[in-house]
Amino acid sequence: MTFGIIMKKIRIGLIGCGTVGTGVVACIKNNAALIAARCDVQLSIVAIAVSDIEKKRDFDATSVVFTDNADTVVNSPDIDVIVELIGGTTDAKRYVLQALKNGKPVVTANKSLLAYHGDELFRVAAENGVDIYYEASVAGGVPIIKSLREGLSANHVERIYGILNGTCNYILTRMENDGVDFGDVLREAQDLGFAEADPSLDIDGHDTAHKTCILASLAYGEWIDVDQIFVEGIRGIDLQDIRNAARAGYKIKLLGIVKFDSSNIQMRVHPTLVSADSLLAKVSDEFNAVWVEGDIVGPTMLYGRGAGQDATASAVVADLVDVALNICFNSSRRVPPFRPHNSYNDVLSMDEIECRYYIRLSVDDVPNVMARIAQILGESGISIASVTQQELASDHLPIILITHTAKEVELNRALSKIEVLDVVREAPVVLRIEDIENDRDR
Ligand code: HSE
């Protein structure tokens with residue numbers, strides 16, 4: 001018996017050809033033969049919609065039709081799949097919806113589009129019997145979407161911890177390793193091409209929240225309102241907090257956190273102290289990592305480049321291979337990605353969460369200060385795990401407290417009393433601690 005192998009050509013239309021699009025073109029040029037040998041599909045970019053068709057491109061585009069009218073690409077009967085790479089949530093949404101209604105599968109790297117409109121887009125995709133693939137939307141080249149959707153499909157997801165923003169991880173790493181100030185290192189990340197056009201999306205945590213929303217929605221099968229995610233960025237992180245954390249055995253990482261918590265879920269994005277010995281603490285520079293814990297498999301972790309041209313292109317092209325195979329085998333919607341599992345009741349408010357805390361206070365160097373602070377914390381049922389007081393040649397004294405597990409509502413109650421004490425000079429700096437690998441916080 002012989003197997004008739006027929007090489008299927010898949011005609012691709014790109015909407016947008018900036019950093020990622022150029023990477024996709026290069027990846028297909030370099031590895032199309034490898035992909036063809038591996039999967040019997042020939043990926044071929046036939047049309048690219050860009051705003052400036054006169055712009056000189058870094059690649060040979062002689063066999064590609066360039067247009068400044070994306071509608072012609074989306075509506076062309078000669079294109080099998082649309083790759084949306086323009087970003088944003090208005091034009092991108094319109095093109096994606098039109099492509100889906102035309103029965104074309106879509107590959108997108110657009111995390112904000114999915115975080116805000118995933119519900120509608122996946123409903124329209126289902127109505128039209130086509131797929132949306134979105135591996136590049138979370139953690140760049142790290143195949144976390146496929147892992148959650150397929151590799152871990154036998155599991156109930158208990159916890160996800162993600163370092164999901166390359167820009168923030170790069171900034172925090174440089175601050176820690178080289179003592180560089182926040183502002184200087186942000187400019188470096190922009191020059192390296194990691195940062196969003198509007199870098200506040202990175203540093204204020206919203207990009208991580210969009211990605212966390214996608215992961216949580218995938219884990220529990222229904223689109224979560226991104227506005228339900230608590231978001232705090234890294235703008236307020238001071239070098240002294242990074243140094244204090246290091247002295248206490250921690251590193252500070254911006255984490256996207258999803259936790260199943262007694263039939264409810266927690267979803268939050270904030271700078272977090274993690275043990276310096278933990279795997280996540282060792283994720284440096286623009287690298288991303290996602291820790292996923294399933295009820296059956298236990299902990300797993302994926303690591304890789306979370307931003308940049310080639311990493312993102314790798315994920316987009318992997319999605320194109322999936323789409324191509326679906327087309328070859330007439331098997332769209334092979335992996336239904338969003339079907340409510342009815343697996344949680346509510347999203348917990350921050351008042352309801354419990355963790356350990358790092359607190360930095362700036363106080364007058366006078367008798368009885370520590371006792372007054374400890375008394376207020378004690379009255380709120382908050383137990384102090386460690387106290388560090390630094391002797392300085394100044395009349396202000398930094399005090400670093402690390403607490404045992406406490407409820408956030410109780411902590412805030414205590415802090416509201418502490419910050420108005422006559423001996424307290426500045427608003428307290430509070431960072432949350434997660435004991436990820438030793439389950440101390442569970
Ligand atoms: N600005 C994003 C980051 C790009 O720094 O991770 C990848 O989504």
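This is a predicted model, so every value here is computed, not measured.

Let's shift gears to the sheet that holds strand β6 (residues 132-133). With parallel pairing, six strands are arranged side by side in an open sheet as β3-β2-β1-β4-β5-β6. Strands with a single pairing partner mark the edges of an open sheet, and in this sheet they are β3 (65-67) and β6. When strand β1 (residues 8-15) meets strand β4 (residues 81-84), the two strands line up parallel, connected through four bridges. In the sheet register, Ile15 faces β4, and the bridge partner there is Glu84.

Positive phi values are uncommon outside glycine, yet Ser262 reaches one of about 45 degrees. Mapped onto the elements, Ser262 comes out in the loop between β9 (250-261) and β10 (264-275). In the Ramachandran plot, Asp285 falls in the positive-phi region, its phi being about 55 degrees despite a non-glycine side chain. Relative to the elements of secondary structure, Asp285 occurs in the loop between β10 and β11 (287-294).

Overall, the coordinates contain 27 salt bridges when judged by the stated rule. When the shortest N-O distance is used, the salt bridge between Glu293 and Arg159 registers 2.8 Å. Note that Glu293 is positioned in strand β11 and Arg159 in strand β7 (residues 157-163), a separation of 134 residues in sequence. Take Glu293: its relative accessible area is 10%, and that puts it in the buried class. Here the salt bridges share partners, and the residues they tie into one network are Lys146, Arg149, Glu150, Asp322 and Arg334.

Right, let's get into the site of the ligand. Looking at the ligand, there are 13 residues lining it, with Lys111, Gly166, Thr167, Glu196 and Lys211 nearest. Within the side chain of Thr167, one N or O atom sits 2.6 Å away from an oxygen atom of the ligand. Within the backbone of Phe194, an N or O atom sits 2.8 Å from a nitrogen atom of the ligand. A total of 260 Å² of accessible area belongs to the ligand in isolation, and the protein chains cover 91% of it. Counting only elements with at least two residues in the shell around the ligand, the list comes to α6 (166-178) and α9 (206-220). Here the shell around the ligand is built from residues that sort into four nonpolar, four polar and five charged.

On to the packing of aromatic side chains. Counted by the stated rule, this structure contains seven aromatic pairs. Ring geometry for Phe122 against Tyr134: centres 5.5 Å apart, planes inclined by 80 degrees, an arrangement best described as edge-to-face. Here Tyr134 lies in the loop between β6 and α5 (144-151) and Phe122 lies in helix α4 (residues 111-127), a separation of twelve residues in the sequence. Across this residue pair, the class does not change: Phe122 and Tyr134 are buried. Summarising the aromatic geometry, the rings of Tyr220 and Tyr344 are spaced 5.6 Å apart at their centres and angled 65 degrees between planes, so their arrangement reads as edge-to-face. Taken together, the residues Tyr220 in helix α9 and Tyr344 in the loop between α11 (309-328) and β13 (354-364) connect sequence positions 124 residues apart. Of the two residues examined, Tyr220 and Tyr344, each falls in the buried class. A network of ring pairs unites the aromatic residues Phe122, Tyr134 and Trp223 as a single cluster.

For the rest of this paragraph, the subject is the domain arrangement of the chain. For the chain, the assigned domains are domain 1 (8-140 + 309-328), domain 2 (144-302) and domain 3 (350-441). Computed over C-alpha atoms, the centres of domain 1 and domain 2 are 27 Å apart. Opposite the 15 residues of domain 1 that make contact, domain 2 presents 19 residues. Across the interface of domain 1 and domain 2, roughly 1500 Å² is buried in total on both sides, 64% from carbon and sulfur atoms. When residues of domain 1 are sorted by the area they lose upon contact with domain 2, Lys111, Tyr134 and Val138 head the list and together hold 37% of the total. At the junction of domain 1 and domain 2, the tally comes to three salt bridges. Of the charged contacts in the structure, one is a salt bridge between Asp207 and Lys111, with a shortest N-O distance of 3.2 Å. For the pair domain 1 and domain 2, the number of links is eight residue pairs in polar contact (both at pLDDT 80 or more). Grouping the amino acids of the side of domain 1 that touches domain 2 by side-chain chemistry returns eight nonpolar, three polar and four charged.

Conventions used here
- Residues numbered from 1 in each chain as written.
- Predicted model: local features only at pLDDT ≥ 70, side-chain atom pairs only at ≥ 80, totals over all residues.
- Heavy atoms only, no water.
- Pairing = 2+ DSSP bridges.
- Helix = DSSP H or I, 4+ residues; strand = E, 2+ residues; numbered from the N terminus.
- Salt bridge = Lys/Arg side-chain N within 4 Å of Asp/Glu carboxyl O.
- Buried < 20%, exposed > 50% of the residue type's maximum accessible area, 1.4 Å probe, protein only.
- Near = heavy atom within 4 Å.
- Polar contact = N/O pair within 3.5 Å; in protein donor to acceptor, adjacent residues only side chain to side chain.
- Areas by Shrake-Rupley, 256 points an atom, 1.4 Å probe, with all protein chains shown as cover.
- Nonpolar A, V, L, I, M, F, W, Y, C, P; charged D, E, K, R; others polar.
- Phe/Tyr/Trp six-rings, centres within 6.5 Å; stacked < 30°, edge-to-face > 60°.
- Domains from an automatic or database assignment.
- Contact = heavy atoms within 4.5 Å.
- Buried area = accessible area lost by both parts, 1.4 Å probe.

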